[in-house]
Amino acid sequence: MGKGNVCLVFLWKGILTLGLVLFFYVFSIGITFYNKRLLRNFHFPLFMTLIHMAMIFFMSALSRIFMQCCTKRSRVVLSWNEYLKRVAPTALATALDIGLSNWSFLYITVSLYTMTKSTCVLFILFFSLLFKLEELRAVLILVVLLIAGGLFMFTYESTQFNMEGFLLVLAASFLGGIRWTLTQILLQKAELGLQNPIDAMYHFQPLMFLGLFPLFLTIEGLSVATSEKLFRFDNLDLLFSLLGTLCLGGFLAFGLGFSEFLLVSKTSSLTLSIAGIFKELCTLQLATHLMGDKMSLLNWLGFAICISGIALHVSLKACRSKGNLTRVTRSRP
C-alpha cells in the first residue's frame, strides 16, 4: 500500500470518527437541553421518563424485526429465569438513575446538573473496587480528590445552587455507578447475547418501566391524573402537541443509546470516554449562552479540576488496556 493510500485510509478514519462523535453529541447534548426546556412548563419528569422508556422499547422492537428480516437470523430472547436474575438489578438501577436525573431538572441548572453528574465516575470507581473489577492504587485516590475537589469549587457560593436538585442528581450519580458497574458485568457475559444495544434496550425497558412506575404513582400519579394538560384536557391540539414532544424525547433517548454503540463499535470505548469529556465542556458553554446559566471564575476552575480528574482516569484505563493487549500479544507463540 502506497503512502497516498495510507493517507487516504487515515483521513477516512478521522472523518468517520469525527462524524460519529458529532452524531453522539447531537443526541447526548440534545436530550439534556430537551429535558430542561420541557420541564420548565411540564412538571412531570417521571411521567416523561416512562413515556421515553415505552418509546425506546417500541423502537428497539421494530429495529429487531428489521434486523431479523435483513439477516434472516433470530434475535436473542432471554429466559424468564435469566431475565429476572441477571437483567433486573441493572434495569432497576438504570431506571432510578434516569428518573432522578430528569427529576433534578425541575430544580437545578444544566451546568450544575452536568457538573454533578460527572461525579458518576467516583461511584463507578467505588463499585468497581467493591466488585473487584479494579485494583486500589494511589493514583485512583488522586482521581477521587480531583473530581471531588472540583465539584466543591464548582458549587461553592454558586448563585444558582439548589440543594434539593443537587441531592437528586447526586443520588442519580450514585445509582449511575451501580448501573454502569452492573452493565459492565452483564455485557461481559457473552452467553447472554446482549452485546448489541438494540437487544439490550429491548430487554431492559420493560423492567425499567415497572421499576420506576411505583415511584411515579407515589410522586406524580394523582397530579398527572388531574392535570388539564393530559387526562383532563380541553384542547385536543395542545394534547397532541404535548404527546408529540414527549415522543421526540423518546426518539432522542433511543438515538443516544444507538450513537454510543456506533461510536464504540467503530472506534473504541476510549474514544467515547474522551468525547464525553469534551461533551461536558460543550454542554456548559451552551448552557451559559442558551439557558442563561451563570458561572464565576471559581466555578470554571472547579470544572477544569474535575475534568482533569476524569481525564486522568481515562488515561489510566487506556494505559491499562494497552498493557493488557501487550501481555496477550507476547504470550502468543
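See the structure above.
This write-up is about the structure you can find in this document. The shown structure was predicted, so the numbers you read here are calculated from the model rather than taken from an experiment.

## Topic: the overall build of the protein chain
- From N to C terminus, the protein chain includes twelve helices and zero strands.
- When the helices and strands of the protein chain are read in sequence order from the N terminus, they spell out α-α-α-α-α-α-α-α-α-α-α-α.
- Counting all 333 residues of the protein chain, 43% fall into the buried class.
- Across the protein chain, contacts joining residues at least 24 apart in sequence account for 83% of those joining residues at least 6 apart.
- Carbon and sulfur atoms form 69% of the exposed surface of the protein chain, whose accessible area is close to 18000 Å².

## Notes on the packing of aromatic side chains
- On inspection of all chains with the given rule, the structure shows 14 aromatic pairs.
- Between Phe-42 and Phe-44, the ring centres sit 5.2 Å apart and the planes meet at 80°, which makes this aromatic pair edge-to-face.
- Residue Phe-44 is classed as buried on the basis of its relative accessible area of 12%.
- Pairing Phe-209 with Phe-213 gives two aromatic rings, centres 5.9 Å apart and planes at 15°, and the pair type is stacked. Within this pair, Phe-209 and its partner Phe-213 are both found in helix 8 (residues 197-219), separated by four residues, close to a single helical turn.
- Linked through ring pairs, Phe-42, Phe-44, Phe-47, Phe-209, Phe-213 and Phe-216 together constitute an aromatic cluster.

## Thoughts on helix 4 (residues 110-117)
- Most of helix 4 is tucked away: eight of the eight residues are buried.
- Among the residues making up helix 4, those that are buried are Val-110, Ser-111, Leu-112, Tyr-113, Thr-114, Met-115, Thr-116 and Lys-117.

## With respect to the pattern of salt bridges
- Within the structure shown, the criterion is met by four salt bridges.
- In this structure, Asp-199 engages Arg-64 in a salt bridge whose closest nitrogen and oxygen atoms are separated by 2.6 Å. Of this pair, Asp-199 sits in helix 8 while Arg-64 sits in helix 2 (residues 45-71), placing them 135 residues apart in sequence. We note that Asp-199, like Arg-64, is buried.
- Residue Arg-179 pairs with Asp-97 through a salt bridge whose shortest N-O separation is 2.8 Å. With Arg-179 in helix 7 (residues 163-188) and Asp-97 in helix 3 (residues 80-104), this residue pair connects regions lying 82 residues apart in the sequence.

## Describing a nonpolar patch on the surface
- On the surface, a nonpolar cluster with roughly 530 Å² of combined accessible area is contributed by Leu-8, Leu-11, Trp-12, Ile-15 and Leu-16.
- With respect to the helices, strands and loops of the structure, Leu-11 is situated in helix 1 (residues 3-41).

## Focus on helix 5 (residues 120-130)
- If you check which residues of helix 5 are buried, you get Cys-120, Val-121, Leu-122, Leu-125, Phe-127 and Ser-128.
- Of the residues trailing helix 5, Lys-132 is marked for its positive phi of about 60°.

## A word on the state of the cysteines
- By the definition in use, this model includes zero disulfides.
- In this model Cys-70 remains outside any disulfide bridge; the closest cysteine sulfur is found in Cys-69, 6.8 Å from its own.
- On the basis of relative accessible area, Cys-70 is assigned to the exposed category, the value being 51%.

## Side note on the side chain of Thr-114
- Tracing the sequence through the fold places Thr-114 in helix 4.
- The residues contacting Thr-114, other than those within four sequence positions of it, are Glu-280, Thr-283 and Leu-284.

## Observations concerning the side chain of Ser-227
- Turning to its location among the elements, Ser-227 is positioned in the loop between helix 9 (221-225) and helix 10 (236-266).
- Excluding residues within four positions of it along the chain, Ser-227 makes contact with Phe-44, Arg-232 and Phe-233.

## Side note on the nonpolar core
- Counting 74 residues, the largest nonpolar core has Phe-42, Phe-47, Val-87, Leu-230, Leu-246 and Ile-310 as its most contacted members.
- The dominant element in this core, judged by the number of residues it contributes, is helix 1, at eleven residues.
- In this structure Leu-230 touches Phe-42, Phe-44, Phe-47, Val-224, Leu-239 and Leu-242, once residues within four positions along its chain are discounted.
- Grouped together as the second largest cluster of nonpolar side chains are five residues, Leu-100, Trp-103, Leu-168 and Ala-172 included.

Rules and cut-offs
- Residues numbered from 1 in each chain as written.
- Predicted model: local features only at pLDDT ≥ 70, side-chain atom pairs only at ≥ 80, totals over all residues.
- Heavy atoms only, no water.
- Helix = DSSP H or I, 4+ residues; strand = E, 2+ residues; numbered from the N terminus.
- Buried < 20%, exposed > 50% of the residue type's maximum accessible area, 1.4 Å probe, protein only.
- Contact = heavy atoms within 4.5 Å.
- Areas by Shrake-Rupley, 256 points an atom, 1.4 Å probe, with all protein chains shown as cover.
- Phe/Tyr/Trp six-rings, centres within 6.5 Å; stacked < 30°, edge-to-face > 60°.
- Salt bridge = Lys/Arg side-chain N within 4 Å of Asp/Glu carboxyl O.
- Patch = residues over 30% accessible without salt bridge, like charges linked within 9 Å, V, L, I, M, F, W, Y side chains within 5 Å.
- Disulfide = S-S within 2.5 Å.
- Core = buried A, V, L, I, M, F, W, Y, C linked by side-chain atoms within 4.5 Å.

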